[in-house]
Amino acid sequence: MRRMSGKQESVVDVQGTVEDGFEPVRDAFMANFARRGERGAAVAVYRHGHKVVDLWGGTKDGDTDPDAADTAPWEAGTAQVIRSATKGIAALVPLLLHQRGQLDLDAPVGTYWPEFKAAGKERVLVRHLLSHRAGLPVLDTPLTPEQAIDGVSGPAALAAQAPAWEPGTEHGYHAQTYSWLIGELVLRVTGRTLGSWIAEEISGPLGLDLWIGLPEAEQSRVGRLASVGTPAPPAATGLRVRPKQSVAAAYADPESLTSRAFAAITPAPDENAPAYRAAELPASAGIATARSLARCYAALIGSVDDHPRLFAPATLTLARTEESAGLDRTLLVHTRFGLGFMLHGPASPLLAPGSFGHPGRGGALACADPETGLAFGYVTNGMQRNVTADPRAQALLRAVSHVAGGAIRTSSVVLDPCS
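This write-up is about the structure you can find in this document. (Residues numbered from 1 in each chain as written. Predicted model: local features only at pLDDT ≥ 70, side-chain atom pairs only at ≥ 80, totals over all residues. Heavy atoms only, no water.)

## Section: the overall build of the protein
For clarity, the cut-off: A run of H or I in DSSP becomes a helix once it reaches four residues, and a run of E becomes a strand once it reaches two; helices and strands are each numbered from the N terminus. Atoms counted for the radius of gyration: C-alpha only. Globule rule: 2.2 Å times residue count to the power 0.38. When a residue's accessible area, from a 1.4 Å probe over protein chains only, is under 20% of the maximum for its type it is buried; when over 50% it is exposed; and in between it is partly exposed. A contact between two residues is defined here by any heavy atoms of the two lying within 4.5 Å. Only the protein chains shown count as cover for residues, and all accessible areas are computed by the Shrake-Rupley method using a 1.4 Å probe.
When helices and strands are tallied, the protein shows 13 helices and 15 strands. Compactness check: the protein gives a C-alpha radius of gyration of 20 Å against a globular reference of 22 Å for 419 residues, within 12% of the reference. Seen through its principal axes, the protein has C-alpha atoms that stretch 60 × 50 × 40 Å. The proportion of buried residues among the 419 residues of the protein is 59%. Pairs at least 24 apart in sequence give 68% of the contacts found in the protein among residues at least 6 apart. With an accessible surface of roughly 15,100 Å², the protein has 51% of that area assigned to carbon and sulfur atoms.

Right under this line is the structure:
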């Protein structure tokens, strides 16, 4: 490994290591600070279970002046809220429970959660929850931030909620409700919360700095999120940044499915608050370092150090076999989902056509490609105006793909007009 410490335009000091041949990833990471509005971030890459990139730089807190004398730098152990990249981590639990024979993906959800059968949901299957086909992206009565994290109100609201469409017939991104659907399912099957299951079965054995429910002792390690501007072309890395009028109109209409899905918690919670970081919200409140995201995904597709791979071949096939594709009723663009994971496509470009993973609204991304043995993790404290594809993450993916001999096609950013 080559240890890096280099300044670009006297703005940021990039630290960490890159293996010979992966220098283009370092160059792209530095360019994110110089040209793409990065504040503080980290990126890591594994290949065939071996860490080949581990870089970080900038400021720990996205809402501080990077030139101020007392600004805290991003350090090797700095972690961040990863928003919807949490969904991919959460999906590991039901898939591994299925692998162990504890959960039937084709069983009705009501088999495990009897109260869920109400309001026409008797035929909602477990796989429908994971593939955003349950018809439950919205709540008739949104939850307050306090209700969202109490562990009771969310599942109760969804048990009573009628589907927005016939379950299994269409798909629409369950932006917030995924938290309570998957979390309650895991609790009913195992008797453990999803966050504790991840801590005991995944993070602990693999030595990951990755939490769904941040312990009090780790609060000081987490940087603060802040909104930042989205770069215009050519800094947008080949992405065709073109806000669609229909999407903008949907976000502006408080009665639209799109607007209501993202407003299932109203008012929006303070993501920098200790209570939010400590909450077990599998849709949006995971916290991780980039290296832990990459290491976790590396362990899904192969052995890492002395740890055997987490996914058996059949489970890996389930994770990246298309379950949902086409026009997403929530995002109003074409999306692709396997069981719990987004798949490579125009709305969410990943490493290669066979890749699976999940982006986080505004920046974060984690994914893996079994064919090349690559696993990727990126976290940031600067939330840009996008939902499924971020110019900074895409620049890094392109660099990784270039090193691996591939190419990521130019695709469109799904913009969030309300950010």
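## A short note on the packing of helix H5 (residues 153-160) against helix H6 (residues 178-190)
To be explicit about the condition: Every axis corresponds to a line fitted to the C-alpha atoms, with the helix fit spanning only the stretch in contact, and the corresponding angles, defined between N-to-C directions, vary from 0 to 180 degrees. For classification purposes, an angle smaller than 35 degrees is called roughly parallel, one larger than 145 roughly antiparallel, one from 65 to 115 roughly perpendicular, and anything else oblique. Gly falls in the polar group here, along with every residue not listed as nonpolar (Ala, Val, Leu, Ile, Met, Phe, Trp, Tyr, Cys, Pro) or charged (Asp, Glu, Lys, Arg).
Where H5 meets H6, the axes come as close as 9 Å, and the angle between the chain directions of the two elements is 100°. On the basis of the axis angle, H5 is roughly perpendicular to H6. Residue-level contacts link Gly154, Pro155 and Leu158 of H5 to Trp180, Leu181 and Glu184 of H6. Classifying every residue of the contact of H5 with H6 gives four nonpolar, one polar and one charged.

## Thoughts on the pairing of strand S12 (residues 356-359)
Selection rule: Should DSSP find at least two bridges between two strands, the strands are taken to pair.
Side-chain alternation along S12 places Phe356 and His358 on one buried face and Gly357 and Pro359 on a second face that is also buried. When strand S11 (residues 342-343) meets S12, the two strands line up antiparallel, connected through two bridges. In the strand pairing of S12, Met342 is matched with Gly357. The pairing of S12 with strand S13 (residues 365-369) spans four bridges and is classified as antiparallel. Looking at S13, one finds that His358 is bridged to Ala366.

## Digging into the pattern of salt bridges
Opposite charge on two side chains permits them to pair, given that their charged atoms come into close proximity. Here is the rule we go by: By definition here, a salt bridge exists when the distance from a side-chain nitrogen of Lys or Arg to a carboxyl oxygen of Asp or Glu is within 4 Å.
Taken as a whole, this structure holds 22 salt bridges when the rule is applied. Salt-bridge contacts for Arg127 lead to Glu323; the nearest nitrogen and oxygen are separated by 2.6 Å. Of this pair, Arg127 sits in helix H3 (residues 126-130) while Glu323 sits in the loop between helix H12 (313-320) and strand S9 (324-327); the two residues are 196 residues apart in sequence, bridging distant segments of the chain. Note on Glu323: relative accessible area 24%, which makes it partly exposed. Its salt-bridge partner being Glu184, residue Arg188 comes within 2.7 Å of it at the nearest N-O pair.

## Observations regarding the sheet that holds strand S5 (residues 80-81)
Hydrogen bonds along the backbone pair up the strands of a sheet, which may run parallel or antiparallel. Here three strands make up an open sheet; going across it, the order is S5-S8-S6 and the pairing antiparallel. The open sheet has two free edges, formed respectively by S5 and strand S6 (210-211), since each of these has just one partner strand. Alignment of S6 against strand S8 (residues 287-288), held across two bridges, turns out to be antiparallel. Bridging from a neighbouring strand, Trp211 pairs with Ile287 of S8.

## Remarks on the side chain of Ser153
Residue placement: Ser153 occurs in helix H5. Relative accessible area serves as the criterion here: at 19%, Ser153 is assigned to the buried category. Residues in contact with Ser153, not counting those within four places in the same chain, are Leu143 and Gln147.

## Some remarks on the nonpolar core
Let me state the cut-off plainly: The set of buried Ala, Val, Leu, Ile, Met, Phe, Trp, Tyr and Cys residues whose side-chain atoms join them within 4.5 Å is what this entry labels a nonpolar core.
Counting residues in hydrophobic clusters, the biggest one holds 79 residues, and the most contacted among them are Leu129, Ile202, Tyr297, Leu300, Phe311, Phe341 and Phe356. Counting 27 residues, the second-largest nonpolar core is a separate cluster that includes Val12, Leu55, Leu350 and Leu351.

## Description of helix H7 (residues 194-206)
Within an α-helix, residues lying three or four positions from one another point in the same direction, as the helix has 3.6 residues per turn. Threshold: Helix span, as expected, comes to 1.5 Å for every residue beyond the first. One axis fitted to the seven residues ending at a residue, another fitted to the seven starting there: the angle between these axes is the bend at that residue.
Look at H7: 17 Å from first C-alpha to last across 13 residues, which is about the 18 Å you get at 1.5 Å a residue. The sharpest bend along H7 reaches about 30° and sits at Glu200. Those residues of H7 that sit buried are Leu194, Gly195, Trp197, Ile198, Ile202, Ser203 and Leu206. Structurally, H7 contributes buried residues whose contacts are with helix H2 (85-99), H6, S6 and helix H11 (290-301). Just downstream of H7 lies Gly207, where phi reads positive at about 65°.

## Brief notes about the pairing of strand S4 (residues 50-58)
Regular strands show a simple pattern: their side chains alternate between the two faces of the sheet. The element S4 is extensively covered by neighbouring structure, given that seven of its nine residues are classed as buried. As judged from the four bridges shared by strand S2 (residues 12-18) and S4, these two strands associate in the antiparallel manner. Across the sheet, Gly16 pairs through a bridge with Leu55, a residue of S4. Examined bridge by bridge, strand S3 (residues 40-47) and S4 share eight bridges and lie antiparallel to one another. Within S4, the position partnered with Ala41 by the bridge is Gly57. Counting the residues between successive antiparallel strands, the hairpin from S3 to S4 contains two residues, one of them, His48, with a positive phi of roughly 50°.

## Here we look at the environment of Lys51
Rule in force here: Throughout this description, a polar contact denotes any pair of N or O atoms lying within 3.5 Å of each other; where both atoms belong to protein, one of them has to be capable of donating a hydrogen while the other can accept it, and for residues adjacent in sequence the pair is counted only when both atoms sit in side chains.
Summarising the element assignment, Lys51 is placed in strand S4. Considered as a pair, Lys51 and Leu139 are 88 residues apart in the sequence and their alpha carbons are 42 Å apart. Here the side chain of Lys51 touches Asp54 through a polar contact of 3.3 Å, side chain to side chain.

Nothing here speaks to function; it is all geometry.
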